[in-house]
Amino acid sequence: MSAVKVYSGTLPISKIDEMYELFSRLGFTVNDMEGTVLFKSRKGFIKKLETIYNVKIYMIGNDNFSFGIQTERGMLEVVARLYQKGGEWYFECIKKEHSHLCSSILSAIKSGIKMYERKITEKSSSNVDQHAFKISRAFESFLDGLAEITAISAAIKYPIVERKTIKLNGPKEILGIIEYLYSKYKNGKYVIILLGSDWMFSIAVDLDTREFTPSLVVWSSNLRLLGEKALETLNQIHRDEDVKLNIYSMQV
């Protein structure tokens, strides 16, 4: 029988245990002692008859999964196989009389692959790009710990691209603002100014290199910090207040 292409590239399943786990995640009953997966196949046009199969999965080589059932004589009969050829994966039904079972196995494999692809996609999207941004000393000379000068310079020299009032909930939100910039503009250099009642937090960020330098000044205590210490200290400041956010583009 002709083979059906089911996947292009590297499958996220390369071992027998992983294949059994795939079927288990899909809700199939897996007998770990016997190493079989329970399939229910229904066939017939008018009156559907349900047949239960205990399908054993085994491998031939590194990229060939075989699916077999036990015959009445106690022999293992191969009904289908999943194999790789030229970087693509194919499913082939070996026994025409078991086409209904083959269809069930094929459908499960396709569902399993989609499940893993969805899981990878969700993991990728939840692994926010903010983790790729790193604190560096690239803009220390620009910020130089004097946030007032930075703010005045930015307001005079650079065009403002964002102005709003926000609630600030700590460093995670700072990284969220940087990520927001990246998702919207993709490249370029920006200055982010956050104004509280008696403090100012400034961030110079380069979206191309994914580097940023933070700066904090607290006027009531004349505290001035740069880098990681500025970000850590910001988390210690009580901020039950609205914060003014201004973002300037350094592209002139």
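All residue numbers refer to positions counted from 1 along the written sequence of the respective chain. Thresholds applied to this predicted model are a pLDDT of at least 70 for local features of residues and 80 or more for the giving and counting of side-chain atom pairs; totals over whole chains, interfaces and linings are not thresholded and use all residues. To obtain the side-chain values, all non-hydrogen atoms of the structure were used and water was disregarded.

Digging into the state of the cysteines
Consideration 1: Criterion for a disulfide: a pair of cysteine sulfur atoms within 2.5 Å. Per the counting criterion, the structure on display carries one disulfide.
Consideration 2: With a sulfur-sulfur separation of 2.1 Å, Cys93 is cross-linked through a disulfide to Cys102. In this structure, the disulfide formed by Cys93 and Cys102 twists by about 70 degrees around the S-S bond and is classed as right-handed.
Consideration 3: Any residue under 20% of the maximum accessible area for its type is buried, any over 50% is exposed, and the rest in between are partly exposed; the area is computed with a 1.4 Å probe on protein chains only. For Cys102, a relative accessible area of 3% puts it in the buried group.

Brief notes about the pairing of strand β11 (residues 199-206)
Regular strands have side chains that alternate between both faces of the sheet.
Consideration 1: A large share of β11 lies buried, amounting to eight of its eight residues.
Consideration 2: Burial of β11 is two-sided: the residues Trp199, Phe201, Ile203 and Val205 facing one way and the residues Met200, Ser202, Ala204 and Asp206 facing the other way are all buried.
Consideration 3: Note on pairing: DSSP must find at least two bridges between two strands before they are called paired. Put simply, DSSP H or I for four residues or longer makes a helix, DSSP E for two residues or longer makes a strand, and each gets a number counted from the N terminus. Direction of pairing for strand β10 (residues 189-195) relative to β11: antiparallel, over a ladder of seven bridges. The partner of Tyr190 across the bridge, within β11, is Val205.

Here's the deal with the nonpolar core
Consideration 1: Put simply, a nonpolar core is a bunch of buried Ala, Val, Leu, Ile, Met, Phe, Trp, Tyr and Cys residues held in one set by side-chain atoms that sit within 4.5 Å of each other. One finds Phe23, Phe39, Phe67, Leu82, Phe91 and Ile105 to be the most contacted residues of the largest nonpolar core, which totals 31 residues.
Consideration 2: Counting residues per element, the ones that place at least two in this core are β1 (4-8), α1 (16-25), β3 (36-43), β4 (49-59), β5 (64-70), β6 (76-85), β7 (88-93) and α2 (99-126).
Consideration 3: In terms of residues, this core owes the most to one element, α2, which gives nine residues.
Consideration 4: Note on contacts: a residue pair is in contact if any heavy atoms of the two residues lie within 4.5 Å. Excluding anything up to four places from it in sequence, Leu82 contacts Val6, Leu11, Met19, Asp63, Asn64, Phe65, Phe67, Trp89, Tyr90, Phe91 and Ile109.
Consideration 5: In this structure, Ile178, Leu181, Leu225 and Leu245 belong to the second largest nonpolar core, which totals 28 residues.

A look at the pairing of strand β14 (residues 242-249)
Consideration 1: Here β14 lies mainly inside the structure; six of its eight residues are buried.
Consideration 2: The pairing of strand β9 (residues 160-167) with β14 spans seven bridges and is classified as antiparallel. Looking across to β14, one finds that Ile160 is bridged to Tyr248.
Consideration 3: Strand direction decides the pairing type here: β10 and β14, joined by six bridges, are antiparallel. Along β14, the bridge assignment pairs Val191 with Tyr248.

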